[in-house]
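# Breakdown of the fold
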Amino acid sequence: MIGNPAYPTYQVFLAVGIAALVTGLLMPFFIKLMRHEGVGQQIRADGPQRHLIKQGTPTMGGVIILVGVLASCGLVAQWTPALVLAVLVMLVTGSLGLLDDIESVAHGRSLGLTPPQKMAGLILISVAFCLVTVNVCGISPQILFPGGLAIDLGVLTSTFAIGGAQVSVPWLYLFFVFLLMAGLSNAVNLTDGLDGLAGGCTTVVMLFMAMVAFIYNELELAVFAAAIAGACIGFLWHNCYPASIFMGDTGSLALGAAFAALAVLTKTEVTSLIMGGLFIVEALSVMIQVVSFKLTGKRVFLMAPIHHHFEKLGWKENKVVVRFWIVSAAFAALGFALYFQLG
């Protein structure tokens, strides 16, 4: 580990710098490899016509984002159980996204794994994560709301003896963690539709999550969040308009799952939804569009997710991205402020 533990803020900033440097320097080699192998993004046919020129742009850049996070954590952090768990969740979910990307590229279509396949993977990951957080990390199965309200989701808990150990299964909290992890993973995935959009919004949110973890006295988780922010910064150097690489589901699913893991491990499950409000808006826009069309045959938005709606209104891609970054920062600041109102 490098850095002086006597100056923990230094370690957090160092994590940002190392991750950004590693990701930024490795990405050009990865782009060349993807181009050589002919691994390119498949663009949805019903999307904005201006996006068709992006067909074939190298994808799976999330692989290097994960490498940058791992390198930074390995050099700066101490491997506590909470950090190991958060990193494993990120890597396993990233592997699920990688399978999705490979499937998409192999079949030459914008869709990869089927929704049931993705959901099955997310169920397994979230259930395993929840059980470990409760039984190994000692996380309480309750959710805290601003203002001091707390709801105990451990009221329906079963205990099983497995290999001489007692394993508690808080059923309600298990379901809640699944909704949180699956929801945030898919929300970040839906946000990843414009050059620099998901990467920039994730950078903003993770910087605030690093502050939350630091205040929560979880320095290693603060380093983890900072490393993700740094890796996204290094990625944005190559992903800003016009993008030379896309993160793919490898990156978006992993980043969403890492966000959910940090929320649970720092007991900010509710305020994290506010901090990641832009992701939630993106996901809700798709849900509203689908429900409205099925019930009435009419669309609420010109196109969903909502960032495409503004493109259809005539906004340039860069304008949408920068304004969404600003909105994301506002949500993150609001959630961070409300964090201090938790009971």
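Preceding block: the structure.
Description of the structure in this document. Note on numbering: residues in each chain are counted from 1, in written sequence order. Local features in this predicted model are restricted to residues whose pLDDT is 70 or higher, and side-chain atom pairs enter the listing and the counts only when it is 80 or higher, whereas totals over whole chains, interfaces and linings include all residues. To get the side-chain values, all heavy atoms of the structure are used, and hydrogens and water are removed first.

## Description of the packing of helix H6 (residues 197–215) against helix H8 (residues 248–265)
This is how it is decided: To obtain an axis, a line is fitted to C-alpha atoms, over the contacting stretch when the element is a helix, and the angle between two such axes runs from 0 to 180 degrees between their N-to-C directions. Elements are defined by DSSP. Helices are runs of H or I of four residues or more, strands are runs of E of two residues or more, and each kind is numbered from the N terminus. Roughly parallel means an angle under 35 degrees; roughly antiparallel means over 145; roughly perpendicular covers 65 to 115; every other angle is labelled oblique. Two helices cross in a left-handed way if the nearer one is turned anticlockwise from the farther one by less than a right angle. They cross in a right-handed way if the turn is clockwise. Only heavy atoms matter for contacts: two residues are in contact if any of them lie within 4.5 Å across the pair. We call Asp, Glu, Lys and Arg charged. Ala, Val, Leu, Ile, Met, Phe, Trp, Tyr, Cys and Pro are nonpolar, and the rest, Gly among them, are polar.
Between H6 and H8, whose axes approach to 11 Å, the crossing angle comes to 20°. When the axes of H6 and H8 are compared, the pair comes out roughly parallel. Of the two elements, H6 crosses H8, and the hand of that crossing is left-handed. Counted together, Thr202, Val205, Met206 and Met209 of H6 and Leu255, Ala258, Phe259, Leu262 and Ala263 of H8 form the full contact between these two elements. Its residues assigned to classes, the contact of H6 with H8 comprises eight nonpolar, one polar and no charged.

## Thoughts on the packing of helix H5 (residues 171–191) against helix H10 (residues 277–296)
Between two packed helices, both the angle of their axes relative to each other and the distance between the axes serve to describe the pair. Close contact between H5 and H10 brings their axes to 8 Å; oriented N to C, the two are set at 85°. Between H5 and H10, the angle falls in the class roughly perpendicular. On the side of H5, the interface is formed by Leu184, Ala187, Val188, Leu190 and Thr191, while H10 contributes Leu278, Phe279, Ile280, Glu282, Ala283 and Val286. Here the residues of the contact of H5 with H10 are counted per class, giving nine nonpolar, one polar and one charged.

## Details of the state of the cysteines
Cysteine pairs can be covalently joined through their sulfur atoms, and such a bond is termed a disulfide. So the rule is basically this: When two cysteine sulfur atoms lie within 2.5 Å, the pair is treated as a disulfide.
Enumeration over the complete set of coordinates arrives at zero disulfides. Sulfur of Cys137: no disulfide; nearest cysteine sulfur belongs to Cys130 and is 11 Å away. We note that Cys240 lacks a disulfide partner, and the nearest cysteine sulfur, in Cys232, lies 14 Å from it.

## Some thoughts on the pairing of strand S3 (residues 157–162)
Rules: Strand pairing requires that DSSP identify at least two bridges connecting the strands.
Across six bridges, S3 lies against strand S4 (residues 165–170) in antiparallel orientation. Residue pairing across strands places Phe160 opposite Val167, the latter belonging to S4. Hairpin connection between S3 and S4: a loop of two residues separates the two successive antiparallel strands, and Gly163 in this loop has a positive phi of roughly 60°.

## Points about the side chain of Ser185
The following threshold applies: Within 3.5 Å is the distance limit for a polar contact, defined as a pair of N or O atoms, with the added protein rule that one can donate a hydrogen and the other accept it, and that residues adjacent in sequence qualify only through two side-chain atoms.
Secondary-structure assignment places Ser185 in helix H5. Reaching out from Ser185, the side chain makes a polar contact with the backbone oxygen of Met181 at a distance of 2.8 Å. Ignoring any residue separated from it by four or fewer positions in sequence, one finds Ser185 in contact with Thr93, Leu122, Ser252, Leu253, Gly256 and Ala257.

## A look at the packing of aromatic side chains
For clarity, the threshold we go by: Classification of ring pairs rests on two measures: the distance between centres of Phe, Tyr or Trp rings, Trp counted by its six-membered ring, which must be within 6.5 Å, and the angle between planes, read as stacked under 30 degrees, edge-to-face over 60 and tilted in between. In this scheme, a residue with accessible area under 20% of its type's maximum is buried, one over 50% is exposed, and one in between is partly exposed, where area comes from a 1.4 Å probe on protein chains only. Distance and angle both matter: a charge sits over a ring if NZ of Lys or CZ of Arg is within 6 Å of the ring centre and within 35 degrees of the ring normal.
Considering all chains together, one arrives at eight aromatic pairs under this definition. Look at Phe175 and Phe178: their rings are 6.4 Å apart centre to centre, the planes differ by 40°, and that puts the pair in the tilted class. Placement of the pair is Phe175 and Phe178 together in helix H5, with a separation of three residues, close to one helical turn. We classify Phe178 as buried; its relative accessible area is 15%. On the numbers, 5.8 Å between centres and 80° between planes, the contact of Phe310 with Phe324 is edge-to-face. Here Phe310, found in helix H11 (residues 306–312), pairs with Phe324, found in helix H12 (residues 317–339); they are 14 residues apart in sequence, far enough to count as distant. You can call Phe324 buried: its relative accessible area is 6%. Three or more aromatic residues link up through ring pairs in this structure, and these residues are Phe208, Phe336, Tyr339 and Phe340. The aromatic ring of Trp315 is capped on one face by Lys319, whose charged end is 5.3 Å from the ring centroid. In this structure, Arg323 packs its charged tip against the face of Trp315, placed 4.8 Å from the ring centre.

## Some remarks on the pattern of salt bridges
Inclusion rule: When a carboxyl oxygen of Asp or Glu is within 4 Å of a side-chain nitrogen of Lys or Arg, the pair counts as a salt bridge.
On inspection of all chains with the given rule, the structure shows three salt bridges. The salt bridge partner of Lys118 is Asp100, with a shortest N-O separation of 3.3 Å. Highlighted residues: Lys118 in helix H4 (residues 115–135) and Asp100 in helix H3 (residues 81–107), separated in sequence by 18 residues. Residue Lys118 shares its accessibility class with Asp100, and that shared class is buried. Linking Lys267 and Glu269 is a salt bridge whose minimum nitrogen-to-oxygen distance equals 2.8 Å. By the burial criterion, Lys267 is buried, and Glu269 matches it.

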